[in-house]
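# Structural features, examined
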Amino acid sequence: MKLSFYLLMKQMKTIVLFAALVAYAVPSMAVEDGVHGCTPKGYVEPTEPKVRERLEWFKDQKLCLMMHFGLYSILGITESWPLVTKDAFWARSDVEWTEDDTEFKRQYYALNRCFNPIRFNAKEIAKTAKRCGFRYVAFTTKHHDGFCLWDTKYTDYKVTARDCPYSSCPGADIVKGLFEACREEGLGISAYFSKADFHHDDFWENAGIGRFTTRYPTYDTAKDAEKWARFREFTKNQILELVGNYGPIDMLWLDGGWIRPSKGCDLGMTDIIECARRIQPYLIAVDRGQRDENMNIHTPEQTVPEAPLGYPWESCITMSGGWGYHYDDTYKSARELIHLLIDVVSKGGNLALNVGPMPDGRLPRPALERMEAMGRWLAKNSEAIYGTRTAPCPIVGSWRFTRGKDGRMFAIRPWAEGTGSLNHILMNTDSSHGKVEKVVHLATGIEIPFAETVGDYESGIVLKFPACFVRDEYADAFVIEFSPNPREEQSDRK
Ligand code: JFZ
């Protein structure tokens, strides 16, 4: 009897613990729709012709190197979020040395005194990004922790301040050096800027030290309107510094979607963006999650929409486990990353693939290896990726289809790990594609014979690979010439 009671109690404890875990496991960062989500509702078409034109440029680029670099990189911990007491349960998984919220905040904020990435080489990073097929670079000018990686005049909590060791380096203004290097390589620039600033006294009083902090201001912005007005002015000044003093930039990528008027945190973003566009008329504004005229692209995070969204979008996804560098990180394989890119592009989006530079400023070797592999694949298959748009029925079975602006259709077949040599394969097609007339292997120009499928075979064609065809390790793209499908034509005529 005693034993069964004991086992019952043990089971109950497990159930209770599990329930608590599940409850906590749902991040308190309630996934505000539009930040993590992919629902196609609520996009506001921009009206400015220059912005609409620039969005066509954006849709051509397809691949962005995103970099989260800051004080958090030194310790290899989660970026900024560990400073939020309310989110500590998930954000402090790497903070095993202290449970003291106040002590931790003091330690985190003091990291500016040992930020010294003397091996950060902006030119090298830009050249590598270019060589590996990235077409624009997104960079954290300031994350939520408030540490600025440019020589702002509105705070001393910056990389160029005397109390930051890196300030003595010639390239101390990291944003300046990186943006210049990107332009030299013909790369686009997406400036990540956090609307939340945990270090600023007019956002978190005393930088939240000694307080239970949430992601919101530590005070009532309606009651202390003067304080919030100062923070609005500070934010506007910093954004106008970035768009005014650092040359042409393509995108202003505003993070901190929870800072919004409906939460009592109105920064006057429409006014700020209007002022920014007086300086940079083609500027793409990405006020994440707002689903208004200031969100010119949708930015699903760590996820890819199931289907095309029908408006410009960019999935930001980490190459490893986190946004910033972690010492024991594991990285997605080159295969996963190339397949991820194919998936995103076939659905009409861009992939902002994030890498966290190491504390010394270099990109981690595993990241570089994957970037090089992506670059090699893209060098052979670029026409099926860059400048394309979604094809009718872009996903058929394991095949992905893209459409070039010249009307060419591309069929892309990702290969799973362990796929052996092939002498034939079924290419699923859709009747909306039309009737296949010719198939050419994009990487080699070899024409591929094919046969129509018959009987109860899935609709499509059977590609019959000639002996000279060598399958790519990761994926192969084919140029497909279709003729209008007579059945489709008749249905179109109705
Ligand atoms: C944001 C940042 O907070 C994160 O650190 C990283 O920079 C990523 C690219 O963007 O991710 C979010 C955005 C919104 C919420 C949480 C994380 N939210 O609303 O809970």
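Residue positions are given per chain, counting from 1 as you read along its sequence in written order. Totals for whole chains, interfaces and linings use every residue, but because this is a predicted model, local features are given only for residues with pLDDT of at least 70 and side-chain atom pairs only at 80 or more, for both listing and counting. Side-chain calculation: all heavy atoms of the structure are included, whereas hydrogens and water are not.

## Details of the overall build of the chain
- Numbered from the N terminus, helices here are DSSP runs of H or I no shorter than four residues, and strands are runs of E no shorter than two. Helix and strand counts for the chain stand at 12 helices and 15 strands.
- Whether two residues touch is decided by their heavy atoms; if any such pair falls within 4.5 Å, the residues are in contact. Contacts in the chain between residues at least 24 apart in sequence constitute 72% of all its contacts with a sequence separation of at least 6.
- Values of accessible area rely on a 1.4 Å probe in the Shrake-Rupley scheme; residue burial ignores everything except the protein chains shown. Accessible surface, the chain as shown: approximately 21600 Å² in total, 53% of it carbon and sulfur.

## Brief notes about the environment of alanine 334
- With respect to the secondary-structure elements, alanine 334 resides in helix α10 (residues 334-346).
- When the C-alpha atoms of alanine 334 and methionine 371 are compared, they prove to be 7.7 Å apart, with 37 residues separating the residues in sequence.
- When sequence neighbours within four positions are dropped, the list of residues in contact with alanine 334 reads Arg370, Ala373 and Tyr474.

## Considering the packing of helix α6 (residues 122-131) against helix α11 (residues 365-381)
- Think of each axis as a best-fit line through the C-alpha atoms, taken over the contacting stretch in the case of a helix, with angles from 0 to 180 degrees between the N-to-C directions. Where α6 meets α11, the closest approach of the two axes is 8 Å, and the angle between their N-to-C directions is 40°. For the element pair α6 / α11, the angle class is oblique. For the pair formed by α6 and α11, the contact residues are Thr128, Ala129 and Arg131 on the first element and Leu368, Met371, Glu372 and Gly375 on the second.
- For this scheme, ten residues count as nonpolar: Ala, Val, Leu, Ile, Met, Phe, Trp, Tyr, Cys and Pro. Four count as charged, namely Asp, Glu, Lys and Arg, and the remainder, Gly too, count as polar. The residue inventory of the contact of α6 with α11, partitioned by class, reads three nonpolar, two polar and two charged. For classification purposes, angles smaller than 35 degrees are called roughly parallel, those larger than 145 roughly antiparallel, those between 65 and 115 roughly perpendicular, and all remaining angles oblique.

## Remarks on the environment of valine 286
- Structurally, the position occupied by valine 286 is in strand β5 (residues 284-287).
- Residues valine 286 and threonine 299, 13 residues apart in the sequence, show an inter-C-alpha distance of 8.1 Å.
- For valine 286, the contacting residues outside a window of four places in its chain are Met251, Leu252, Trp253, Leu254, Asn294, Ile297 and Thr299.

## Here's the deal with the environment of aspartate 250
- Structurally, the position occupied by aspartate 250 is in the loop between α8 (225-245) and β4 (251-255).
- Whether a residue is buried, partly exposed or exposed follows from its accessible area with a 1.4 Å probe, protein chains only, as a fraction of its type maximum: under 20%, in between, or over 50%, in that order. On the accessibility criterion, aspartate 250 (10% relative accessible area) is buried.
- Residues aspartate 250 and proline 281, 31 residues apart in the sequence, show an inter-C-alpha distance of 9.8 Å.
- If sequence neighbours within four positions are ignored, aspartate 250 has contacts with Arg54, Trp57, Gly188, Ile189, Tyr282, Leu283 and Ile284.
- In protein, a polar contact means a hydrogen-donor-capable atom and an acceptor-capable atom, both N or O and within 3.5 Å, with residues adjacent in sequence counting only if both atoms are side-chain atoms; elsewhere, any N or O pair within 3.5 Å suffices. Within the structure, the side chain of aspartate 250 is placed 2.5 Å from the side chain of arginine 54, a separation counted as a polar contact.

## Observations concerning the sheet that holds strand β15 (residues 475-483)
- Strand order in the open sheet formed by five strands is β8-β9-β10-β15-β12, with antiparallel pairing between adjacent strands. At either margin of the open sheet sits one strand with a lone partner, and together these are β8 (389-396) and β12 (435-441). Each adjacent strand pair in this sheet contributes to an overall mean axis angle of 30°, direction not counted.
- Where strand β9 (residues 399-403) lies against strand β10 (residues 409-414), four bridges are found, and the strand directions are antiparallel. When the sheet's bridge partners are listed, arginine 403 is paired in β10 with methionine 409. DSSP bridges decide pairing: two strands pair if at least two such bridges lie between them.

## What to know about the packing of aromatic side chains
- Two aromatic rings from Phe, Tyr or Trp, using only the six-membered ring of Trp, form a pair when their centres are within 6.5 Å; if the ring planes differ by under 30 degrees the pair is stacked, by over 60 it is edge-to-face, and anything between is tilted. Inspection of the entire model under this criterion finds 25 aromatic pairs.
- Taken together, a centroid distance of 6.1 Å and an interplanar angle of 55° make the contact between tryptophan 57 and tyrosine 136 tilted. Remark: tyrosine 136 occurs in strand β2 (residues 136-142) and tryptophan 57 occurs in helix α2 (residues 49-61); sequence separation between them is 79 residues.
- Looking at tyrosine 136, the relative accessible area reads 0%, which means it is buried.
- Ring geometry for tryptophan 81 and tryptophan 258: centres 5.1 Å apart, planes at 55°, overall tilted. With tryptophan 81 in the loop between α3 (71-75) and α4 (88-91) and tryptophan 258 in the loop between β4 and α9 (269-279), the pair connects residues that are 177 residues apart, well separated along the chain. Across the pair, tryptophan 258 and tryptophan 81 agree in class, each one buried.
- Among the aromatic side chains, those forming a connected cluster through ring pairs are Phe69, Trp97, Phe104, Tyr108, Tyr109, Phe115, Phe120, Phe147 and Tyr157.
- Positioned above the aromatic ring of tryptophan 57 is the side chain of arginine 54, whose terminal nitrogen or guanidinium carbon lies 4.2 Å from the ring centre.
- Look at NZ for Lys and CZ for Arg. If either is within 6 Å of the ring centre and within 35 degrees of the ring normal, a charge sits over the ring. The ring of tyrosine 386 has arginine 135 sitting right over it, with the charged end atom 3.5 Å from the ring centre.

## Details of unusual backbone geometry
- In this structure, lysine 62 takes a positive phi of about 70° despite not being glycine.
- Turning to its location among the elements, lysine 62 is positioned in the loop between α2 and β1 (63-67).

## Quick look at the pairing of β5
- Burial along β5 is two-sided: Ile284 and Val286 and Ala285 and Asp287, pointing in opposite directions, are all buried.
- When β4 meets β5, the two strands line up parallel, connected through four bridges. Directly across from leucine 252, in β5, lies its bridge partner alanine 285.

## What about the sheet that holds strand β11 (residues 424-428)?
- Reading across from one edge, β11-β14-β13 is the order of the three strands in this open sheet, with antiparallel pairing throughout. Edge positions in the open sheet fall to β11 and β13 (450-452), since each of these has one partner strand only. Strand-to-strand twist of the sheet, defined as the mean angle between neighbouring strand axes without regard to direction, takes the value 25°.
- Where β11 meets strand β14 (residues 460-464), five bridges bridge the pair, whose relative direction is antiparallel. In the sheet register, isoleucine 425 faces β14, and the bridge partner there is leucine 463.

## Some details on the side chain of glutamate 79
- One can find glutamate 79 in the loop between α3 and α4.
- Within this scheme the basic residues Lys and Arg register as positive and the acidic residues Asp and Glu register as negative, but His and the chain ends are omitted. Counted as salt bridges are all cases of a side-chain nitrogen of Lys or Arg within 4 Å of a carboxyl oxygen of Asp or Glu. Buried glutamate 79, no salt bridge; nearest opposite-charge side chain is arginine 288, N-O distance 9.1 Å.
- If we ignore the near neighbours within four places in the chain, the residues touching glutamate 79 are His68, Tyr72, Tyr108, His143, Trp323 and Gly324.

## Section: α8
- Every helix has an expected span of 1.5 Å times one less than the residues it contains. With 21 residues, α8 ought to run about 30 Å at 1.5 Å a step, and its terminal C-alpha atoms sit 30 Å apart, in line with that.
- Packed against the buried residues of α8 are β2, α7 (174-184), β3 (188-194), β4 and α9.
- One or two positions beyond α8, positive phi appears at glycine 247, with a value near 75°.

## A short note on α6
- Ala122, Ile125, Ala126, Thr128 and Ala129 are the residues of α6 that are buried. One side of α6 carries all its buried residues, which in axial view fall inside an arc of 165°.
- Contacts made by the buried residues of α6 are with β1, β2, α7 and α11.
- Among the residues trailing α6, glycine 133 stands out with phi positive, at a value near 90°. Note: the arc covers the axis-to-C-beta directions of the helix.

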